[in-house]
Amino acid sequence: MKIFITRKIPDRGIKLLQDRGYELVVSPHTRVLTRDELIEMGKGVDGIISQLTDKIDGSVVDAWGKQLKVIANYAVGYDNLNTKEIAERGVVMTNTPEVLTETVAEHTFALMLAIAHRIAESDRFSRAGKYHGWAPELLLGTDVSHKTLGIVGLGRIGSRVAHHAVKGFDMRVLYYDVKRNENFEKEFNAEFRENVDDIFKEADFISIHVPLLPTTQHLVNEIRLKLMKPTAYLINTSRGPIVDEAALRDALKNNGIKGAAIDVWEHEPELTPGLSDLENIIITPHIASATEETRQKMGELAAKNIIEVLEGRPPVTPIKI
Ligand code: DGY
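What you see is a predicted model; the values in this text were computed from it and never measured.

## A closer look at the site of the ligand
Argument step 1. Near the ligand you find Leu52, Ala75, Val76, Gly77, Leu100, Arg239, His286, Ser289, Arg295 and Met298, and these make up its full shell.
Argument step 2. Arg239 is positioned such that a nitrogen or oxygen atom in its side chain is 2.7 Å from an oxygen atom of the ligand.
Argument step 3. Here an oxygen atom of the ligand and a side-chain polar atom of His286 are 2.7 Å apart.
Argument step 4. Relative to its unbound accessible area of 230 Å², the ligand is 91% covered by the protein chains.
Argument step 5. Across the shell around the ligand, the residue classes break down as five nonpolar, three polar and two charged.

## Examining the sheet that holds strand 5 (residues 92–94)
Argument step 1. With parallel pairing, the five strands of this open sheet are ordered in space as 2-1-3-4-5. Here the strands that pair on one side only, and so sit at the sheet edges, are strand 2 (23–26) and strand 5. Neighbour to neighbour, the strand axes of the sheet diverge by 15 degrees on average, direction disregarded.
Argument step 2. With four bridges joining them, strand 3 (residues 47–50) and strand 4 (residues 70–73) adopt parallel strand pairing. Across the sheet, residue Gly47 finds its bridge partner in strand 4, namely Val70.
Argument step 3. Sitting on the sheet, helix 1 (residues 11–19) is in contact with strand 1 (2–5), strand 2 and strand 3, with an inclination near 145 degrees to strand 2.

## Quick notes on unusual backbone geometry
The phi angle of most residues is negative, glycine excepted, and most peptide bonds adopt the trans form.
Argument step 1. Put simply, Glu268 and Pro269 share a cis peptide bond, and its omega is 0 degrees.
Argument step 2. Following the sequence through the fold, Pro269 ends up in the loop between strand 11 (259–262) and strand 12 (281–283).
Argument step 3. The phi dihedral of Glu98 is positive, around 70 degrees, even though this residue is not glycine.
Argument step 4. Mapped onto the fold, Glu98 is located in the loop between strand 5 and helix 5 (101–116).

## Here we look at helix 7 (residues 156–169)
Argument step 1. Compared with an ideal rise of 1.5 Å per residue, which puts 14 residues at 20 Å, helix 7 spans 19 Å between its outermost C-alpha atoms and is within 8% of the ideal.
Argument step 2. Inspection of helix 7 places Ile157, Gly158, Val161, Ala162, His164, Ala165 and Val166 among the buried residues, and these make up the whole buried set.
Argument step 3. Of the surrounding elements, those touching the buried residues of helix 7 are helix 5, strand 6 (148–152), strand 7 (172–176) and helix 8 (182–188).
Argument step 4. A positive backbone phi angle near 50 degrees is found at Asp170, which sits one or two residues after helix 7.

## Re the packing of helix 5 against helix 7
Argument step 1. The contact between helix 5 and helix 7 brings their axes to 9 Å, and the two run at 55 degrees. In terms of orientation, helix 5 lies oblique with respect to helix 7. Crossing of helix 5 over helix 7 shows right-handed handedness. Residue-level contacts link Thr101, Glu102, Val104, Ala105, Thr108, Phe109, Met112 and Leu113 of helix 5 to Arg156, Ile157, Arg160, Val161, His164, Ala165 and Phe169 of helix 7.
Argument step 2. Each residue belonging to the contact of helix 5 with helix 7 can be placed in one class, and the counts come to nine nonpolar, three polar and three charged.

## Section: the sheet that holds strand 12
Note on sheets: strands pair through backbone hydrogen bonds, and any given pair is parallel or antiparallel.
Argument step 1. Reading across from one edge, 8-7-6-9-10-11-12 is the order of the seven strands in this open sheet, with parallel pairing throughout. Here the strands that pair on one side only, and so sit at the sheet edges, are strand 8 (191–192) and strand 12.
Argument step 2. Here strand 10 (residues 233–236) runs beside strand 11; their pairing, made up of four bridges, is parallel. The partner of Leu234 across the bridge, within strand 11, is Ala260.

## A look at the domain arrangement of the protein
One widely used convention gives an interface's size as the accessible area the parts lose upon coming together.
Argument step 1. Here the protein is described as being made up of domain 1 (2–97 + 291–310) and domain 2 (101–283).
Argument step 2. Each of domain 1 and domain 2 has a C-alpha centre, and the two are 32 Å apart.
Argument step 3. The interface is formed by seven residues belonging to domain 1 together with four residues belonging to domain 2.
Argument step 4. Run the count over domain 1 and domain 2 and you get one salt bridge.
Argument step 5. Two residues, Asp79 and Arg239, come together in a salt bridge whose shortest N-O distance is 2.9 Å.
Argument step 6. The interface formed by domain 1 and domain 2 includes two residue pairs in polar contact (both at pLDDT 80 or more).
Argument step 7. In terms of residue class, the side of domain 1 that touches domain 2 is built from three nonpolar, three polar and one charged.

## Some remarks on helix 5
Argument step 1. Helix length check: helix 5, at 16 residues, gives a terminal C-alpha distance of 23 Å against a target of 22 Å (1.5 Å per residue), a fit within 8%.
Argument step 2. Helix 5 sits mainly inside the fold: twelve of its 16 residues count as buried.
Argument step 3. Residues Thr101, Thr103, Val104, Ala105, His107, Thr108, Phe109, Leu111, Met112, Ala114, Ile115 and Ala116 constitute the buried set of helix 5.
Argument step 4. Backbone geometry just after helix 5 places Arg118 at a positive phi near 55 degrees.

Reading the values: rules and limits
Residues numbered from 1 in each chain as written. Predicted model: local features only at pLDDT ≥ 70, side-chain atom pairs only at ≥ 80, totals over all residues. Heavy atoms only, no water. Near = heavy atom within 4 Å. Polar contact = N/O pair within 3.5 Å; in protein donor to acceptor, adjacent residues only side chain to side chain. Areas by Shrake-Rupley, 256 points an atom, 1.4 Å probe, with all protein chains shown as cover. Nonpolar A, V, L, I, M, F, W, Y, C, P; charged D, E, K, R; others polar. Pairing = 2+ DSSP bridges. Helix = DSSP H or I, 4+ residues; strand = E, 2+ residues; numbered from the N terminus. Axes fitted to C-alpha atoms, helices over the stretch in contact; angles between N-to-C directions. Contact = heavy atoms within 4.5 Å. Expected span 1.5 Å × (residues − 1). Buried < 20%, exposed > 50% of the residue type's maximum accessible area, 1.4 Å probe, protein only. Parallel < 35°, antiparallel > 145°, perpendicular 65-115°, else oblique. Left-handed = near helix turned anticlockwise from the far one by under 90°. Domains from an automatic or database assignment. Salt bridge = Lys/Arg side-chain N within 4 Å of Asp/Glu carboxyl O.

Set out below in structure tokens:
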């Protein structure tokens, strides 16, 4: 059986597949494949490990051929897959939940602390030789402890961020989700808000953890940014298009909000013009799950999903539609 890996992944997943005797085709490029390359390299294979940067719909699957049984997306998010069209063609899809929850929650908290304590800005200041000695009002930041955190999307990652907020920083937690979770409320003394706008009005820090769907695109728009307190911060480690980046830039520029930290961009890898000129934003390049340990685990899970399906067993982490 033949597996196509659309971009090199860490070695443990690759080794699992090799030990099983599969033939591997790994993209030789250190960039996203074009649609034509993606189609060409995947023709005739039985399984595919895809990246969140590969746009896969029914026509791509048709070109790959009827022998294809499984697409294992190397990510928890799968907005790059047209799940309806792929499922209609009888191809199983899987993703990589759980293994990256801890790491993404850590990165979210790292961003929150870094923007509140002006870490990146202070680093730039120090390197530029601007520090001329201690001063009472030098680079004043904002405390995170005891503040109100608003979680938008209470999945695995959102819940873990809430855990750190409550256990580590005595924060008050508000959350919005399509589903209310009373057990979570009891455990973390958290408060549900039925209207997401209330999160934007009340929170000091807002952290976004919803998947990208037609209903969540630009969920953070000019109107909601205007609901935020001028002292509040926005953190986004979910998907870029959930935030209207031009509106975010304007809110940051006009002191409509105090700061933002984003790991995901609306038009990756392009950044909305003007955003990188601002001091009150931290921008990381979609690396929230990028630790050695987690990227290995994601590869192993993707490989296990391929093996299970190709050997006639149910996948470990199927995408259910
Ligand atoms: C995901 O898994 O969806 C992240 O965005 C990348 O690890």
